[in-house]
Amino acid sequence: MSFCHAGYFTQGLDADPELAAAIRGELARQQDGIELIASENIVSRLVLEAQGSVLTNKTVEGLAFARYYGGAEFADAIEDLAIRRATRLFGCRFANVQAHSGSNANAGVFLGLLKLGDTILAMDTAAGGHISHGHPATLTGRDYGIVRYGVNRETERVDLDEVRDLARAHRPRMIVAGGSAYSRALDFAGLRAIADEVEALLMVDMAHVAGLVATGLYPHPFPHAHVVTSTTYKSLRGARGGLVLWNDEGLSDRINHGIFPGVQGSVMLHAVAGKAACFGEALRPEFRAYNQAVLDNARTLADALAAAGLRLVAGGTDCGLMLVDLASRAITGDVAAKALERAGLAVNKNQIPFDPRPPEAPSGLRLSSNAGTARGFGGAEFRTIAGWIEQVLATPSDEVLTARIRAEVKALCAAFPIYAA
Ligand SMILES: *Cc1c(COP(=O)(O)O)cnc(C)c1O
């Protein structure tokens, strides 16, 4: 794109070497290392271009075709396109694509559908839930009465009997399902039956599994959920931001007003364009192939780690992510994550259910196949990755070992360029 040469600040990134160097550094970091952090992915050039477009310049407030500002003809077309694609992708009637993030999507839904002080029954973060579902450090934790369910100590899965008992005892206005470190399928029909019994709404936050849901590879929250929220940059491989979906027209005004003006102002149209782009990609047959590969690779990685003697929380995975329990290794998650990072493998430390260790030095590591699969890794590469992880965990302070693996990681990555010229 060429810029006019009249006016101020007409140059591109080359006018800011300091910033340009940091962005180049980040590209090299992504290219040369293996991303196993579950909340990340590698988006297409199409998504990058949509998000880096002139839509940054345009301010609109309100919904498409009902804006508070003029000049919104293309803004309306873009938002309408994103909504049409989102509803088609997830087989539902309504969507709001304006949430700036997953947390904003959740906060907007709570604000729109609940009253101050209403009770929400949500998954405990210690069991894999997300902080935006009422953690005490967030606004949602302050404004609503939060009751938490965990997982069963034996199975490490959500236990519907516990959810039902808590629902009967506390009569929540809303039950929230879906988490950030929960690797197993959820029983949405069972959760809805509990919600109906206590006359609560069921909200499903599918941030980590949206891509699998869209392609029929994970249980679909609809028709069970009254409202579904998601991020669009994890398993959906798209723009940074959030998404809200629902079917009952009676909820539309409350949800839309909960997002705007409830929790945010004008629309990040460039992100909405990025959402339209990724929903368009997700409607293509290749997206199913990608998600099947995410699942296959996650299972390959999980099986290889288990074969090396590492315990997986809940015995494995039904999606792209898994939690490794390091308790048997006498190494904490923070030490393990730092050693793996030195070896070029990006992971995050994570608490496991009933973790005896504190959040700063927890017992778990969270891994995901999303980003590796996006760059083309298959079973062979994920078996190699499992081998590297096993070696680093065995001797995390061996700097010679981590340096050798770092070089091998870089060589493997060179064969899988993320943005080939
Ligand atoms: C990542 C995540 C979010 C939050 O997304 P942000 O965009 O960081 O606000 C919300 N819910 C779940 C389940 C998540 O995993």
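What you are looking at is a predicted structure, and each value in this text was computed from that prediction instead of being measured.

### Regarding the nonpolar core
Counting residues in hydrophobic clusters, the biggest one holds 72 residues, and the most contacted among them are Phe90, Val158, Met206, Leu245 and Phe279. Top contributing element to this core by residue count: helix α10 (residues 269–282), with eight residues. Looking at this core, you find at least three residues from each of domain 1 (51–282) and domain 2 (287–415). Apart from the residues lying within four places of it in its own chain, the contact partners of Leu245 are Ala86, Phe90, Cys92, Phe94, Ala95, Met206, Phe222, His226, Val227 and Val228. The next biggest cluster of nonpolar side chains, apart from the first, holds 35 residues, and it includes Leu365, Trp388, Ile405 and Cys413.

### Digging into the sheet that holds strand β13 (residues 364–368)
One open sheet holds the four strands; their spatial order is β9-β10-β13-β12, and the pairing between them is antiparallel. The sheet is open, and its two edges are formed by β9 (311–312) and β12 (348–350), each paired on a single side. Where strand β10 (residues 321–325) and β13 come together, five bridges link them in antiparallel fashion. Residue pairing across strands places Val324 opposite Leu365, the latter belonging to β13. Along the sheet, helix α11 (residues 285–307) contacts β9, β10 and β13; its crossing angle with β10, the most-contacted strand, is approximately 10 degrees. Running over the sheet, helix α12 (residues 333–342) touches β12 and β13 and is turned about 45 degrees from β13.

### A few points about the layout of surface pockets
In this structure, the largest pocket occupies an estimated 710 Å³ of space. Along the walls of the largest pocket sit 31 residues, with Glu26, Arg29, Gln30, Glu35 and Glu40 positioned nearest its centre. At the level of elements, α1 (17–32), β1 (34–35), α2 (45–51), α12, β11 (345–346) and β12 are the ones that each hand at least two residues to the lining of the largest pocket. Looking at the lining of the largest pocket element by element, the count peaks at four residues for α12. When the residues that make up the lining of the largest pocket are grouped by side-chain class, the tally is 13 nonpolar, eight polar and 10 charged. Of the residues that make up the lining of the largest pocket, three or more belong to each of domain 1 (51–282) and domain 2 (287–415). In this model, the second largest pocket occupies a volume close to 440 Å³. Put simply, the parts of the chain that give the lining of the second largest pocket at least two residues each are α1 and α2. Considering every element that reaches the lining of the second largest pocket, the biggest residue donor is α1, with four residues. In terms of residue class, the lining of the second largest pocket is built from five nonpolar, one polar and three charged.

### Topic: the domain arrangement of the chain
The domain architecture assigned to the chain consists of domain 1 (51–282) and domain 2 (287–415). In this structure, domain 1 and domain 2 have C-alpha centres spaced 28 Å apart. Between domain 1 and domain 2, the contact holds 26 residues from the first and 26 residues from the second. Between domain 1 and domain 2, roughly 2,300 Å² of surface is buried when both sides are summed, and carbon and sulfur atoms account for 56% of that area. By the criterion of area lost to domain 2, the three top residues of domain 1 are Glu156, Ser183 and Leu217, representing 27% of everything that side buries. In this structure, Arg184 engages Asp318 in a salt bridge whose closest nitrogen and oxygen atoms are separated by 2.9 Å.

### Some remarks on empty space enclosed by the protein
Gaps left between atoms show up when a probe the size of a water molecule is rolled over them. Here the structure, examined in full by the defined rule, presents two cavities of 30 Å³ or more. Size it by volume and the largest cavity reaches roughly 90 Å³. Lining the largest cavity are 14 residues, and of these Gly178, Gly179, Leu186, Val209 and Tyr218 sit closest to its centre. Of the residues assigned to the lining of the largest cavity, the class counts are nine nonpolar, three polar and two charged. In this structure, the second largest cavity occupies an estimated 60 Å³ of space. Taken together, Ala127, Val151, Glu156, Ala181, Tyr182, Ser183, Val313, Ala314, Leu321, Leu323 and Pro353 make up the full set of residues lining the second largest cavity. When grouped by side-chain class, the residues that make up the lining of the second largest cavity number nine nonpolar, one polar and one charged. For the lining of the second largest cavity, the domains that each give at least three residues are domain 1 (51–282) and domain 2 (287–415).

### Digging into the packing of aromatic side chains
Within this structure, the stated rule accounts for six aromatic pairs. Centroid distance Phe110 to Tyr144: 5.8 Å. Interplanar angle 75 degrees. Geometry classified as edge-to-face. Within this pair, whereas Phe110 is found in helix α4 (residues 102–113), its partner Tyr144 is found in the loop between α5 (139–143) and β4 (145–149), the two being separated by 34 residues in sequence. Each member of the pair Phe110 and Tyr144 is classed as buried.

So, how was this worked out
Residue positions are counted from 1 within each chain, in the order its sequence is given. In keeping with the predicted nature of the model, local features appear solely for residues at pLDDT of at least 70, side-chain atom pairs appear and are counted solely at 80 or more, and the whole-chain, interface and lining totals rest on all residues. As a rule here, side-chain values cover all heavy atoms of the structure and leave hydrogens and water aside. Joining through side-chain atoms within 4.5 Å is the link that ties buried Ala, Val, Leu, Ile, Met, Phe, Trp, Tyr and Cys residues into a set, and such a set is a nonpolar core. Note on classification: 1.4 Å probe, protein chains only; a residue is buried when its accessible area is under 20% of the maximum for its type, exposed when over 50%, partly exposed between these limits. A helix here means a DSSP run of H or I that spans at least four residues, while a strand means a run of E at least two residues long, and both kinds are numbered starting from the N terminus. By convention here, the domain bounds are inherited from an automatic or database domain assignment. Two residues form a contact once any of their heavy atoms are found within 4.5 Å. Strands were regarded as paired on the criterion that DSSP finds at least two bridges between them. A fitted line through C-alpha atoms represents every axis, and for helices the fit uses only the stretch in contact; the resulting angles, taken between N-to-C directions, go from 0 to 180 degrees. For cavity detection a 1 Å grid was placed over the protein atoms alone, and a set of points counts as a cavity when a 1.4 Å probe fits there but cannot get out; an open set counts as a pocket when protein lies on both sides within 12 Å along at least five of seven lines, with lining residues being those that have an atom within 4 Å of a point. Grid points are joined across faces, edges and corners, and a volume is the space filled by probe spheres set on the points. In the scheme used here, Gly and all other residues not listed as nonpolar or charged are polar, with Ala, Val, Leu, Ile, Met, Phe, Trp, Tyr, Cys and Pro taken as nonpolar and Asp, Glu, Lys and Arg as charged. When two parts are put together, the accessible area they lose, computed with a 1.4 Å probe and summed over both, is reported as buried area. Whenever a carboxyl oxygen of Asp or Glu lies within 4 Å of a side-chain nitrogen of Lys or Arg, that contact is scored as a salt bridge. By convention, a stacked pair of Phe, Tyr or Trp rings (six-membered ring in the case of Trp) has centres within 6.5 Å and planes under 30 degrees apart, an edge-to-face pair has planes over 60 apart, and any other such pair is tilted.

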